[in-house]
Amino acid sequence: KPIYVLNGPNLNLLGLRQPEIYGRETLADVADKVSALAEELGLSIRFHQSNHEGALVDWIHEARSEGAAIIINPAAYTHTSVAILDALHTFEGPVIEVHISNVHKRESFRHHSYVSLRADGVIAGFGTEGYLLALRRVASLVAK
Ligand code: DQA
């Protein structure tokens, strides 16, 4: 079963968007690093990004029937989306929430996450390495 790696709005501009906060790597670079580690760990991944809330909900539903685990950076929807939280509640496998930046060091509206109410683990402030750490965690959770 594949691991879904889902990315929310504006992450298509990773590398260009506020590089002082999010770094200079692009999302394609992240996808490559995640794929390389997945191959090493013997996992298959489905890496997606959308600027649309409903597209993220649809991938979570797809993961419901096909996925072993979900790694999600919901981006701004972290702080607003009951729909993504509800979708994640329909999924029974491990869910890891990733943020590239340390959201707790930033504006107070970034301190609350709807997704954290469902996530089994949260990684924030590790840059794009957070995706790799999340994948390692998922690998050990799905092996159990
Ligand atoms: C983010 C943090 C969110 O607050 C922000 O809206 C993002 C990216 C991160 O990866 O640090 O778009 O999820």
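Quick caveat: nothing in here was measured; it's all calculated off a predicted structure. (Residues numbered from 1 in each chain as written. Predicted model: local features only at pLDDT ≥ 70, side-chain atom pairs only at ≥ 80, totals over all residues.)

Bringing the overall build of the chain into the picture now. Of regular secondary structure, the chain possesses five helices and five strands. Against the globule reference of 15 Å for 144 residues, the chain gives a C-alpha radius of gyration of 14 Å, in line with a compact fold. Along the longest, intermediate and shortest principal axes, the C-alpha atoms of the chain span 35 × 30 × 25 Å. (Helix = DSSP H or I, 4+ residues; strand = E, 2+ residues; numbered from the N terminus. Rg over C-alpha atoms; globule rule 2.2 N^0.38 Å.)

Mapped onto the fold, Leu16 is located in the loop between strand E1 (3-7) and helix H1 (19-22). Between the alpha carbons of Leu16 and Phe109 there is a distance of 23 Å; along the sequence they are 93 residues apart.

Relative to the elements of secondary structure, Val122 occurs in strand E5 (residues 121-124). Taking C-alpha positions, Val122 is 18 Å from Glu107, a pair spaced 15 residues apart along the chain. Leave out the neighbours within four places in its chain, and Val122 touches Glu97 and Ser116. (Contact = placed C-beta atoms within 7 Å.)

The UniProt entry lists Arg17 under the feature "site: Transition state stabilizer" (unreviewed entry), expressed in the numbering used here. One can find Arg17 in the loop between E1 and H1. Arg17 has contacts with Asn10 and Tyr22, leaving out every residue within four places of it along the chain. (UniProt positions renumbered as here; feature names shortened; annotations may be inferred.)

Here helix H2 (residues 27-41) spans 21 Å end to end across 15 residues, near enough to the 21 Å set by a 1.5 Å rise per residue. Burial in H2 covers these residues: Val30, Val34 and Ala38. Viewed along the axis of H2, the buried residues span an arc of 70 degrees, placing them on a single side of the element. Turned more than 90 degrees away from the buried face of H2, the exposed residues are Ala36, Glu39 and Glu40. Where the residues of H2 are buried, they touch E1, strand E2 (45-49) and helix H5 (129-143). Phi for Gly42, located one or two positions after H2, is positive at around 75 degrees. (Expected span 1.5 Å × (residues − 1). Buried ≥ 20, exposed ≤ 12 C-beta atoms within 10 Å, placed from the backbone. Arc of directions from axis to C-beta.)

Since one α-helical turn is 3.6 residues long, residues separated by three or four positions face the same way. With 15 residues, H5 ought to run about 21 Å at 1.5 Å a step, and its terminal C-alpha atoms sit 21 Å apart, in line with that. Gly130, Tyr131, Ala134, Leu135 and Val138 are the residues of H5 that are buried. Within H5, the buried residues cover an arc of 135 degrees as seen down the axis, which keeps them to one side. Away from the buried face of H5 by more than 90 degrees, exposed residues Arg136, Ser140 and Ala143 are located.

Surrounding the ligand, one finds Asn10, Asn73, Ala75, Ala76, Thr78, His99, Ile100, Ser101, Val103 and Arg110. Among the residues forming the shell around the ligand, the class breakdown is four nonpolar, five polar and one charged. (Near = placed C-beta within 6 Å. Nonpolar A, V, L, I, M, F, W, Y, C, P; charged D, E, K, R; others polar.)

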